[in-house]
Amino acid sequence: MTHTLEKPSATSAGLMNASMLVYLFWLLLPAVQTTGHAVTGAAAVALFGAGVLLDGTWLRAHGWRTLLRAACAALMPVILRVFLARGGENGAGFYVQQAMFWFPVVFAGYARERGDSRLWRWIRPLLLAVVTVTTLTTIGWLIQGMLRGGRVYAYSRSLGYGAGGEAQEAYLKELMLRNIGGYDFVYATVAALPLTCLGIQRSGGWRRGAFCALLAAQAIMVALSQYTYAMLFAAAILVVEGLALAVRAASRGRVGLGASLLWGALPLAVVFLLRVPLTALAANICEGLGLSNFAFSFRQLLLALEGGATSADSRLAYYLTALEGFFRSPLTGSLLGGEKLLSQHSDILDALSGTGVLGTTLMGGMLWLMGRGAFRGLKKSPARGHLILTGVAVGATALLGTVVYSRDIAAVAMMGALLVLEGGAAQA
């Protein structure tokens with residue numbers, strides 16, 4: 001067992017702990033991120049590497065595990081770039097970004113296997129603090145944008161478009177200096193909703209009230225962000241969590257947390273059966289409220305559900321491109337050559353189209369190796385239903401959107417899992 005090994009030195013543990021604290025503070029506060037630049041995130045990863053190298057006891061006993069994690073983290077960006085065409089023209093920048101993206105996965109796996117609470121000390125309060133601050137500032141500026149109207153309305157959506165010339169870069173930097181969360185933060189918030197609900201259930205008194213307020217703020221921010229899928233995912237999660245709470249209350253505790261979440265998910269099956277009329281209703285409501293972006297998305301979804309042709313501007317058309325590439329060669333995709341048919345709007349569909357079932361399975365195995373040990377104890381954890389729901393949210397985002405560019409999603413999901421599964425030790 002890894003816990004029988006001598007603990008890392010104070011210097012080693014301190015460096016690894018500091019690496020994640022610096023990373024979260026820099027990443028989840030957009031104003032700090034844009035002033036600290038990518039060098040700060042890269043420095044945080046380097047701190048972790050230095051801490052691992054000083055952990056001689058672990059390296060002597062399990063150095064191969066560390067080497068395997070590093071090799072997978074180094075190879076994954078190459079696979080994404082070559083076969084999924086990720087990263088655009090800036091290959092070096094994408095590689096640096098990817099090192100930071102996989103950092104929380106590697107950190108969580110290493111920390112759980114090492115079993116030393118010093119590695120995640122202070123992460124919980126810092127994570128809650130920075131998420132709360134960015135959520136509140138984003139809400140404030142989104143409301144301000146709505147009142148002003150015009151092009152400044154969709155601040156968060158603007159940050160999701162990426163840079164496009166010096167004028168656009170200056171505008172995006174201005175938004176980040178206001179500490180407005182974009183695509184990455186919004187979808188990370190969606191993934192964090194089950195964890196916030198868990199915080200409500202595990203807390204009492206003023207702490208429960210604080211978690212309730214945070215949940216309400218997160219829901220408001222997602223709704224104001226204008227990301228259609230984020231709003232749908234958030235609504236589904238809140239419905240499941242709310243119904244699960246009602247089931248537990250009605251049974252007076254006889255139905256456990258995991259079983260209640262399963263009962264809470266049943267209405268989603270009903271929603272699936274009624275997807276066409278409900279989608280039409282949602283489109284009509286959005287049109288009546290003047291939410292043209294939402295209405296367009298719902299109309300395109302409705303066309304696809306009814307078997308009609310979708311607009312060229314709809315993501316559904318891009319998904320069909322990736323599916324065509326997959327069906328041309330389900331086993332290897334374009335791995336062995338041939339035309340790449342990629343959507344650039346779905347990580348999972350592009351993985352299937354670009355590498356087939358074999359390549360996608362290999363990528364999944366590499367992901368497991370990087371985070372090996374991170375989810376140890378999940379089956380026995382009373383919070384497993386919430387963590388599975390978070391995983392479903394991340395998976396849905398990867399299926400209907402992109403995750404590999406979104407460092408916020410990886411950081412929030414992996415640190416949330418680390419803290420929840422470590423339980424009381426995580427709060428030490």
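Computed from a predicted structure; not experimentally measured. (Residues numbered from 1 in each chain as written. Predicted model: local features only at pLDDT ≥ 70, side-chain atom pairs only at ≥ 80, totals over all residues. Heavy atoms only, no water.)

A. Quick look at the overall build of the protein. A count of helices and strands for the protein gives 17 helices and zero strands. Within the protein, contacts between residues separated by at least 24 positions form 72% of all contacts whose residues are at least 6 apart in sequence. For the protein, the exposed surface amounts to about 19,500 Å²; the carbon and sulfur share of it is 68%. (Helix = DSSP H or I, 4+ residues; strand = E, 2+ residues; numbered from the N terminus. Contact = heavy atoms within 4.5 Å. Areas by Shrake-Rupley, 256 points an atom, 1.4 Å probe, with all protein chains shown as cover.)

B. Local environment of a nonpolar patch on the surface. Together, Leu75, Val78, Val82 and Tyr95 give the surface a local cluster of nonpolar side chains, amounting to about 330 Å² of exposed area. If one sorts the elements of the nonpolar patch by residue count, helix H3 (residues 56-84) sits on top with three residues. The residue Tyr95 is located in helix H4 (residues 91-114) in this model. (Patch = residues over 30% accessible without salt bridge, like charges linked within 9 Å, V, L, I, M, F, W, Y side chains within 5 Å. Salt bridge = Lys/Arg side-chain N within 4 Å of Asp/Glu carboxyl O.)

C. Highlighting unusual backbone geometry. The phi dihedral of Trp122 is positive, around 70 degrees, even though this residue is not glycine. With respect to the helices and strands, Trp122 occurs in the loop between H4 and helix H5 (123-148). For Trp122, a relative accessible area of 57% corresponds to the exposed category. (Buried < 20%, exposed > 50% of the residue type's maximum accessible area, 1.4 Å probe, protein only.)

D. Looking closely at the nonpolar core. Counting residues in each nonpolar core, the largest one holds 85 residues, and the members touching the most others are Tyr23, Leu24, Leu28, Phe107, Ile123 and Met415. In terms of residue count, the dominant contributor to this core is H4 (eleven residues). With sequence-adjacent residues up to four places away left out, Ile123 is seen in contact with Asn17, Met20, Leu21, Leu24, Phe107, Met415 and Leu419. One finds Ala383, Leu387, Ala417 and Val420 within the second-largest nonpolar core, a separate group that totals seven residues. (Core = buried A, V, L, I, M, F, W, Y, C linked by side-chain atoms within 4.5 Å.)

E. Structural detail: the environment of Phe101. Here Phe101 lies in helix H4. Once the C-alpha coordinates of Phe101 and Ala411 are considered, the two residues, 310 residues apart in sequence, prove to be 7.7 Å apart. Sequence-distant contacts of Phe101, defined by excluding residues within four places in its chain, comprise Tyr23, Val403, Val404, Ser406, Arg407 and Ala410.

F. Here's a closer look at the pattern of salt bridges. All told, the structure shown has eleven salt bridges when counted by the stated rule. A salt bridge links Arg112 to Glu422; its shortest N-O distance comes to 2.6 Å. Note that Arg112 is positioned in helix H4 and Glu422 in helix H17 (residues 407-422), a separation of 310 residues in sequence. The class of Arg112 is buried, set by a relative accessible area of 4%. Asp116 is the salt-bridge partner of Arg118, the closest N and O atoms lying 2.7 Å from each other. A residue is classified by how much of its surface remains accessible, and Arg118, at 22% relative accessible area, is partly exposed.

G. Fine view of the packing of H4 against H17. Closest axis-to-axis distance for the H4/H17 pair is 9 Å, and the angle between their directions is 5 degrees. Classed by the angle they form, the pair H4 and H17 counts as roughly parallel. For the pair H4 and H17, contact is made by Gln97, Met100, Phe101, Pro104, Val105, Phe107, Ala108, Ala111 and Arg112 and by Arg407, Ala410, Ala411, Met414, Met415, Leu418, Leu421 and Glu422, respectively. Of the residues contributing to the contact of H4 with H17, the split by class is 13 nonpolar, one polar and three charged. (Axes fitted to C-alpha atoms, helices over the stretch in contact; angles between N-to-C directions. Parallel < 35°, antiparallel > 145°, perpendicular 65-115°, else oblique. Nonpolar A, V, L, I, M, F, W, Y, C, P; charged D, E, K, R; others polar.)

H. Inspection of helix H9 (residues 205-225) at higher detail. The first and last C-alpha atoms of H9 sit 31 Å apart over 21 residues, in line with the 30 Å expected at 1.5 Å per residue. Just beyond H9, the residue with positive phi is Gln226, at close to 75 degrees. (Expected span 1.5 Å × (residues − 1).)

I. Broad picture of the packing of aromatic side chains. Taken as a whole and assessed by the stated rule, the structure comprises 14 aromatic pairs. The interplanar angle of 65 degrees and the centroid separation of 5.8 Å between the aromatic rings of Trp58 and Tyr110 together place this pair among those described as edge-to-face. Placement of the pair is Trp58 in helix H3 and Tyr110 in helix H4, with a sequence separation of 52 residues. Summarising the burial analysis for this pair, Trp58 and Tyr110 share the class buried. Ring centres of Phe103 and Phe107 lie 6.0 Å apart, and the angle between their planes is 80 degrees; on these two criteria the pair is classed as edge-to-face. In this pair, Phe103 and Phe107 are both assigned in helix H4, four residues apart and thus about one turn of the helix distant. Relative accessible area serves as the criterion here: at 3%, Phe103 is assigned to the buried category. A residue is classified by how much of its surface remains accessible, and Phe107, at 0% relative accessible area, is buried. An aromatic cluster is defined as three or more aromatic residues linked by ring pairs; in this entry it consists of Tyr23, Trp26, Phe48, Trp58, Phe103, Phe107 and Tyr110. Taking NZ or CZ as reference, Arg178 lies 4.6 Å from the ring centre of Trp141, over its face. (Phe/Tyr/Trp six-rings, centres within 6.5 Å; stacked < 30°, edge-to-face > 60°. Lys NZ or Arg CZ within 6 Å of the ring centre and 35° of its normal.)

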